[in-house]
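Structural overview for review
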Amino acid sequence: MQAKGEAAAAAGSFSARAMSAVWLQVGQCGNQIGQAWWQILSSEHVPHAEADRYPFCSPDGKLNAICVDSEPKVVRQLQKQVKRGSFRESNLIVGKRGRGNNWAYGYHSLHSASEENLLQRTMESLRKEVECRDCYCGTVLFHSLSGGTGAGLGSRLCEAIRDEYSLGHILAVTVAPHQAGESALQHYNALLCLSWLQRHVDGVLLIQNDEVLRRAAALLAETAQVSDVQPQVSLAAMNAYIASCLAGLLYPLKAFTTGSGISMGLEPWELLRSVCPVPAMKFLRVAQARRRGTVFWDSLASSVVHSLPRESHAGQSHYSTSMLAVARSYQEDTFLLSRDSVLRKLKQAYRCVPWNPFPLRCWTGQSYLQRAAEDAGQAGSHFSSSFTATASL
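Structural notes, computed from the coordinates. Nothing here was measured: the structure is a model prediction, and the numbers come from that model. (Residues numbered from 1 in each chain as written. Predicted model: local features only at pLDDT ≥ 70, side-chain atom pairs only at ≥ 80, totals over all residues. Heavy atoms only, no water.)

Before going further, it helps to examine empty space enclosed by the protein. Tallied over the full model, the rule gives two cavities of 30 Å³ or more. Estimated volume of the largest cavity: approximately 160 Å³. Lining the largest cavity are 13 residues, with L308, P309, H318, S320 and Y350 positioned closest to its centre. When contributions to the lining of the largest cavity are tallied by element, the ones reaching two or more residues are α13 (339–350) and β10 (385–392). Its residues assigned to classes, the lining of the largest cavity comprises seven nonpolar, three polar and three charged. Volume-wise, the second largest cavity comes out at about 60 Å³. Lining the second largest cavity are S20, A21, W23, P55, F56, L250, P252, G265, E267, P268 and W269. Among the elements that line the lining of the second largest cavity, the one with the most residues is helix α11 (residues 267–275), at three residues. (1 Å grid on protein atoms, 1.4 Å probe; cavity = no way out; pocket = protein on both sides within 12 Å on 5 of 7 lines; lining within 4 Å. Points joined across faces, edges and corners; volume = space filled by probe spheres on them. Helix = DSSP H or I, 4+ residues; strand = E, 2+ residues; numbered from the N terminus. Nonpolar A, V, L, I, M, F, W, Y, C, P; charged D, E, K, R; others polar.)

Compared with an ideal rise of 1.5 Å per residue, which puts 16 residues at 22 Å, helix α10 (residues 235–250) spans 22 Å between its outermost C-alpha atoms and is within 8% of the ideal. Most of α10 is tucked away, with 14 of its 16 residues classed as buried. (Expected span 1.5 Å × (residues − 1). Buried < 20%, exposed > 50% of the residue type's maximum accessible area, 1.4 Å probe, protein only.)

As a further point, take the layout of surface pockets. Rolled over the atoms, a probe as big as a water molecule pinpoints where empty space is left. Approximately 870 Å³ is the volume found for the largest pocket. Together, 33 residues line the largest pocket, and A176, Q179, L206, Q208 and L393 are the ones closest to its centre. For the lining of the largest pocket, the secondary-structure elements that each account for two or more residues are α8 (186–200), β6 (203–208), α9 (209–223), α10 and β7 (283–291). Its residues placed into classes, the lining of the largest pocket shows 17 nonpolar, ten polar and six charged. There is about 550 Å³ of room inside the second largest pocket. If you go around the second largest pocket, you meet 32 residues; those closest to its centre are Q28, C29, S144, S146 and E182. Elements represented by at least two residues in the lining of the second largest pocket include exactly α2 (27–41), α7 (148–164), β5 (169–176), α9 and α10.

Once that is clear, we can look at the packing of helix α12 (residues 297–305) against α13. One can describe the packing of α12 onto α13 by two numbers: an axis separation of 9 Å at closest approach and a directional angle of 10°. What the angle tells us is that α12 and α13 run roughly parallel. At the point where α12 passes α13, the crossing takes the right-handed sense. Where α12 approaches α13, its residues W297, D298, A301, S302, V304 and V305 are matched on the opposing element by S341, V342, K345, L346, A349 and Y350. (Axes fitted to C-alpha atoms, helices over the stretch in contact; angles between N-to-C directions. Parallel < 35°, antiparallel > 145°, perpendicular 65-115°, else oblique. Left-handed = near helix turned anticlockwise from the far one by under 90°. Contact = heavy atoms within 4.5 Å.)

Moving on to the pattern of salt bridges. Considering all chains together, one arrives at ten salt bridges under this definition. Here R88 makes a salt bridge to E129, at a shortest N to O gap of 2.4 Å. A residue pair is termed long-range when its members are at least 10 positions apart, and R88 in the loop between α4 (79–84) and β3 (92–94) and E129 in helix α6 (residues 118–131) qualify at 41 residues. With relative accessibility at 17%, the residue R88 sits in the buried group. In this structure, E129 and R133 form a salt bridge, with 3.8 Å as the shortest nitrogen-oxygen distance. This pair shows no difference in class: E129 is buried, exactly as R133 is. Three or more residues joined by partner-sharing salt bridges are found here, namely D60, R88, E129 and R133. (Salt bridge = Lys/Arg side-chain N within 4 Å of Asp/Glu carboxyl O.)

Here we come to the pairing of strand β2 (residues 65–69). The element β2 is largely enclosed, with a buried count of five among its five residues. Burial along β2 is two-sided: A65, C67 and D69 facing one way and I66 and V68 facing the other are all buried. Inspection of the sheet shows strand β1 (residues 22–26) paired to β2 by four bridges, in the parallel sense. Residue pairing in the sheet places L24 in a bridge with I66 of β2. Looking at chain direction, β2 and β3 are connected through three bridges and run parallel. Within β3, the residue paired with D69 across the bridge is V94. (Pairing = 2+ DSSP bridges.)

Before going further, it helps to examine the environment of I262. In this fold, I262 is placed in the loop between α10 and α11. Once the C-alpha coordinates of I262 and R53 are considered, the two residues, 209 residues apart in sequence, prove to be 9.0 Å apart.

Time to look at the pairing of β6. In terms of residue burial, β6 counts as a mostly covered element, since five of its six residues are buried. With six bridges joining them, β5 and β6 adopt parallel strand pairing. Residue A176 lies in a different strand from β6, and its bridge partner there is Q208. Where β6 lies against β7, three bridges are found, and the strand directions are parallel.

Before going further, it helps to spend a moment on the sheet that holds strand β8 (residues 323–329). Spatially, β3-β2-β1-β4-β5-β6-β7-β10-β8-β9 is the arrangement adopted by the ten strands of the open sheet, whose pairing is mixed. With partners counted over all chains shown, the strands left at the sheet margins are β3 and β9 (360–366), one partner each. For this sheet, the mean inter-axis angle between neighbouring strands, taken without regard to orientation, is 20°. Relative to β10, β8 is paired through six bridges, and the arrangement is antiparallel. Its bridge partner being in β10, V326 is matched across the sheet by T388. Lying on the sheet, α7 is in contact with β1, β2, β4 (138–144) and β5; it crosses β1 at an angle near 150°.

Here's what the structure looks like:
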């Protein structure tokens, strides 16, 4: 019986690793978000952490992450993780010169004797990661729209990955710049990058910096002491909020595990299947609300839909073709009591199109611990509940 159990566990581990994705971090923003994401996944305080890490690791136990930047200052911070055995040093790919916040400079890269082509080095590392698994399912890309590396090189990598691995999925986690402006070329960079994303990727989780700033400030205000001084939101707190949204959607769920309790790592691709039923409609909006202690799911759902835009700048109403809600708590069954009322509220708020007979999908799972968010100064708890929703724009 013991041998049979070990064989089943080994089979589950084999399948999970075979179905895992490759996680690609590009540019300063992409690498900072990636670091916050890996902090959540590598936390020793997450329940069932060892089994849940299988989709994110290669057979040698190292994370399936490739970190790319045109200058070394951000990626250099991962050297500690390399020494601990979390990252593969060959997957930390850096250049010597930045891309000047210019999409064209990042897309066409540098061809000089002093710097080897970043695109070629990244694709070579990606090839090695793909060959480590028996069934490559896709790539999850972290990047921004405003930087030369994140926007320009990110666009070129999407094009190259689609050409090289045409059957694999590509899910982009894309950060849009502040409307007030971060650089003179940000609108130019964003327009070109969005065009490449529309052409080459399967889904885009579009995260707006202005909205992240508002929600991170609201979370700090909830936990801060009563004061007339508005709490200052750090860049780490914003990155932690984005990583928490990703964990709410992509952290392993019991529904996608094997009989031996090993996660299959299907969450990114099931998300695409659920929320992108029409290939041309691939831009997704994501929002999350969290509470500590006793949870009231109707209240969490109201917090998620509170900031939904009602109309576009042209005055046209927003509609969603489909949406996905993920409720996580230390007691999964608590959401089932409020499920119908919450889904009705979401369907009305997101204005799901009438021609989709099944516009809403709902997943439930155990809460992951927000230790990384706590370290960044955000609200968190050992038993916090989260409600994350994403819908097509």
